[in-house]
Amino acid sequence: MWPKDIIHLNIGGRSFTTCFSTLRTISNTRLSELRRDDQNYDLATNTFYFDRSAVYFEVILDSYRTGELHVPACACVERFELELKYWAIPMRFMPACCRRKFIENDSFRETVKDLQTELHVDFQDEENRMENLTPFKKFLRRAWLTLEYPDYSPLAKIYAICVGIFAVLSVLIMAVYFHPAGRTDPLPREADFGFHNAIPYMTPPNVSLIPTYPINPKKMMITTTKPLRWLFYFDVVINLVLSVDILMRLLLSPAKLQFMKSVLNWLDLLASSSYWIYIIIMNTVKSLTLADDEAEYYYTVNFLVFIIVLRVFRILRLSNIFKSLKIFMIVMKKNICELFTLLLFLVIGMIIFSLLIFQAELDNMVSFPDIFSAFWWSIITMTTVGYGDMLPISKSGYVIGSVCAVTGILLCGLVIPIISNNFAVYYSYARACKEVMNDTKDTLCPMGLHQPTQQGQLRQDDDRNKERV
């Protein structure tokens with residue numbers, strides 16, 4: 001007979017010897033419930049056989065001896081978690097030094113799933129879903145995939161590139177609109193026609209009237225000149241194409257509610273609708289006269305410029321072509337807490353240093369006329385931009401400014417590396433995931449996005465372990 005308290009364990013070909021009393025220190029686990037009548041027990045050698053990892057089991061066995069579960073430094077958290085689930089080890093025995101790795105892994109796993117959803121679409125599965133559809137519905141679904149996903153087909157890639165080029169041209173035309181080289185003196189109104197006739201211009205003010213508003217040369221150029229005729233019509237064609245694109249994607253989308261939840265789609269709709277609002281206003285307001293109503297003149301010009309500038313959001317359409325831009329937006333969304341922390345630090349520093357510099361520069365009659373101007377100086381100094389429009393002249397102001405600059409470097413240096421490191425990790429993971437997808441259709445990527453076979457076999461044990469934990 002073998003000693004009752006001695007037990008031998010063969011884990012993945014490696015032998016371990018311990019006592020039943022040791023294994024019962026943590027109750028309701030697989031090891032604490034071992035019996036000699038189990039099917040994996042060999043009476044001849046007094047050994048229990050388990051086809052599991054011996055490397056991780058050594059750490060798990062130590063948790064019965066010490067009462068603490070530590071994660072090996074070189075261990076894969078995902079793989080170690082599977083072992084914990086198999087042996088039914090509660091997480092409460094893991095100290096804070098190692099629990100942090102699991103918390104970081106859970107956050108990273110959520111982001112990986114988001115990357116999988118945003119960057120990779122199983123087009124083969126989409127084709128399988130279309131088998132039972134009518135030919136017309138198949139055409140609509142494939143048209144939507146072509147418009148929405150550049151990786152769907154070579155035609156979809158070409159279309160995405162063309163739309164991206166149009167989006168860039170739309171922004172560049174906006175820039176040319178506000179440059180003197182892109183504008184011309186207005187033709188006589190009776191000789192003009194079409195949309196181009198709707199673009200307003202400011203008639204020369206009555207010299208006998210002295211406006212209370214100062215004459216702004218930029219606004220004078222916008223309202224007294226018109227865009228070049230060919231540039232205006234080219235802009236209409238580009239915006240028409242981009243507007244049709246967003247409308248077609250909306251109408252063909254099989255999940256319109258999900259489509260409307262996307263911030264990028266809302267920005268695209270805003271950019272397209274703002275242009276046609278601009279055209280409507282142009283046809284409504286035939287001319288602007290500074291001498292008639294100065295306030296209405298300036299408000300109208302400011303509103304028109306604001307509407308034109310909204311099209312800059314179209315540049316985000318490039319994220320469909322350049323995956324790195326989409327990954328950057330995902331990282332920004334996932335690191336919202338870090339960004340908020342950075343903003344909070346900057347606001348606190350801004351308030352403190354603004355009050356200090358305002359008090360130190362009371363005798364300065366040039367800079368820091370009020371606290372709000374000091375707010376501006378603090379932010380510019382803490383972010384190490386330093387425009388130089390306001391600067392201290394007293395010795396105490398020099399000291400405060402130096403401390404403000406150093407504090408800003410430290411605050412930004414604490415948060416920005418976290419975001420940049422996350423971007424590097426997510427970008428490298430996305431590239432690795434794409435390579436794996438190109439190699440095989442069965443396994444898309446690691447990190448547990450598709451459960452291993454052994455995890456599927458232990459699903460019932462996992463459910464039981466969750467209840468125990």
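Here the structure is a predicted model, which means the values were calculated and not measured.

1. A closer look at the sheet that holds strand β1 (residues 6–11)
With respect to topology, four strands assemble into an open sheet ordered β2-β1-β4-β3, the strand pairing being mixed. Edge positions in the sheet fall to β2 (14–19) and β3 (41–42), since each has one partner strand and no second. Sheet analysis places β3 next to strand β4 (residues 47–50), joined by two bridges and oriented antiparallel. Of the residues in β4, the one forming a bridge with Tyr 41 is Phe 48. Sheet strands in contact with helix α2 (residues 54–66) are β1 and β2, and its direction is about 10 degrees off that of β2.

2. Topic: the pairing of β2
Strand direction decides the pairing type here: β1 and β2, joined by six bridges, are antiparallel. Paired with His 8 across the two strands is Thr 17, which belongs to β2. Counted along the chain from β1 to the antiparallel partner β2, the turn is two residues long, and its residue Gly 12 has a positive phi close to 60 degrees.

3. Topic: the confidence of the model for the protein chain
Averaged over the protein chain, the pLDDT score is 77; the fraction of residues at 70 or greater is 80%. Element-level mean pLDDT values for the protein chain span from 38 in helix α17 (residues 453–457) up to 91 in helix α15 (residues 371–382). Counting contacts from residues 187–210, a segment whose pLDDT is below 50, to residues more than four positions away or on other chains yields 55 contacts. Taken as a whole, residues 440–469 scores under 50 in pLDDT and shows 45 contacts with residues more than four places along the chain or in a different chain.

4. Examining the packing of helix α6 (residues 135–148) against helix α9 (residues 229–252)
A packed helix pair is summarised by two numbers, namely the angle formed by the two axes and the spacing between the axes. The contact between α6 and α9 brings their axes to 9 Å, and the two run at 135 degrees. The orientation of α6 relative to α9 falls into the category oblique. As α6 packs across α9, the resulting crossing turns out to be left-handed. On the side of α6, the interface is formed by Leu 140, Ala 143, Trp 144, Leu 147 and Glu 148, while α9 contributes Met 248, Arg 249 and Leu 252. When its residues are assigned to classes, the contact of α6 with α9 shows six nonpolar, no polar and two charged.

5. So, the environment of Tyr 278
Checked against the element boundaries, Tyr 278 lands in helix α11 (residues 263–284). In this structure, the C-alpha to C-alpha distance between Tyr 278 and Val 305, residues 27 residues apart in sequence, is 9.2 Å. Those residues in contact with Tyr 278 that sit more than four places away from it in its chain are Leu 304, Ile 307 and Ile 308.

6. With respect to the packing of aromatic side chains
One pass over the structure, following the stated rule, counts 13 aromatic pairs. Centroid distance Tyr 275 to Trp 276: 5.1 Å. Interplanar angle 80 degrees. Geometry classified as edge-to-face. Relative accessible area serves as the criterion here: at 3%, Tyr 275 is assigned to the buried category. Taking the centre distance of 5.7 Å and the plane angle of 0 degrees together, the rings of Trp 376 and Tyr 387 count as stacked. With Trp 376 in helix α15 and Tyr 387 in the loop between α15 and α16 (395–439), the pair connects residues that are eleven residues apart, well separated along the chain. Taking relative accessible area as the criterion, Trp 376 reaches 39% and is therefore assigned partly exposed. In this structure, Arg 30 packs its charged tip against the face of Tyr 86, placed 4.1 Å from the ring centre. For Arg 52, the ring lying beneath its charged end belongs to Tyr 86, and the centroid distance is 4.0 Å.

7. What to know about the pairing of β1
The sheet contact formed by β1 and β4 spans four bridges and is parallel. Note on β4: the bridge partner recorded for His 8 is Thr 47.

8. Let's talk about a nonpolar patch on the surface
On the surface, Phe 340, Leu 343, Leu 344, Val 347, Ile 348, Ile 351, Ile 352, Leu 355 and Leu 356 cluster together into a nonpolar patch covering about 780 Å² of accessible area. Position of Leu 356 among the secondary structure elements: in helix α14 (residues 336–360). What makes Leu 356 partly exposed here is its relative accessible area of 40%.

9. Considerations on the packing of α14 against α15
Contact geometry for α14 and α15: axes closest at 8 Å, N-to-C directions at 125 degrees. As far as their axial angle goes, α15 and α14 are oblique. Read as a crossing pair, α14 and α15 show a hand that is right-handed. Contact with α14, carried on its side by Phe 345, Leu 346, Gly 349, Met 350, Ile 351, Phe 353, Ser 354, Leu 355, Ile 357 and Phe 358, involves Ile 371, Ala 374, Phe 375, Trp 377, Ser 378, Ile 379 and Met 382 of α15 and no other residues of that element. Tallied by class, the residues present in the contact of α14 with α15 amount to 14 nonpolar, three polar and no charged.

10. Re the side chain of Glu 361
Relative to the helices and strands, Glu 361 is located in the loop between α14 and α15. Excluding its chain neighbours within four sequence positions, the residues that come into contact with Glu 361 are Phe 368, Pro 392, Ile 393, Ser 394 and Gly 397.

11. Focus: the pattern of salt bridges
Per the counting criterion, the structure on display carries eleven salt bridges. Among the salt bridges present, the one from Arg 79 reaches Glu 83, with a minimum N-O distance of 2.5 Å. Here Arg 79 pairs with Glu 83, and both are found in helix α3 (residues 77–87), just four residues apart, close to one helical turn. Judged by relative accessible area, which is 26%, Arg 79 ranks as partly exposed. The buried category is assigned to Glu 83, whose relative accessible area is 0%.

12. So, the nonpolar core
If you look at the biggest cluster of nonpolar residues, it comprises 32 residues, and the most contacted ones within it are Leu 9, Leu 34, Phe 80 and Trp 87. Elements with a contribution of two residues or more to this core: β1, α1 (20–23), β4, α2, α3 and α4 (96–119). The greatest single-element share of this core, amounting to seven residues, is contributed by α2. Setting aside residues no more than four positions away along its own chain, Trp 87 makes contact with Ile 11, Thr 29, Arg 30, Leu 31, Phe 50, Arg 52, Phe 57 and Ile 60. In terms of nonpolar packing, the next biggest core, distinct from the first, is built from 25 residues, Leu 346, Cys 404, Val 415 and Tyr 429 among them.

About the thresholds
Residues numbered from 1 in each chain as written. Predicted model: local features only at pLDDT ≥ 70, side-chain atom pairs only at ≥ 80, totals over all residues. Heavy atoms only, no water. Pairing = 2+ DSSP bridges. Helix = DSSP H or I, 4+ residues; strand = E, 2+ residues; numbered from the N terminus. Contact = heavy atoms within 4.5 Å. Axes fitted to C-alpha atoms, helices over the stretch in contact; angles between N-to-C directions. pLDDT = per-residue confidence, 0-100. Parallel < 35°, antiparallel > 145°, perpendicular 65-115°, else oblique. Left-handed = near helix turned anticlockwise from the far one by under 90°. Nonpolar A, V, L, I, M, F, W, Y, C, P; charged D, E, K, R; others polar. Phe/Tyr/Trp six-rings, centres within 6.5 Å; stacked < 30°, edge-to-face > 60°. Buried < 20%, exposed > 50% of the residue type's maximum accessible area, 1.4 Å probe, protein only. Lys NZ or Arg CZ within 6 Å of the ring centre and 35° of its normal. Patch = residues over 30% accessible without salt bridge, like charges linked within 9 Å, V, L, I, M, F, W, Y side chains within 5 Å. Areas by Shrake-Rupley, 256 points an atom, 1.4 Å probe, with all protein chains shown as cover. Salt bridge = Lys/Arg side-chain N within 4 Å of Asp/Glu carboxyl O. Core = buried A, V, L, I, M, F, W, Y, C linked by side-chain atoms within 4.5 Å.

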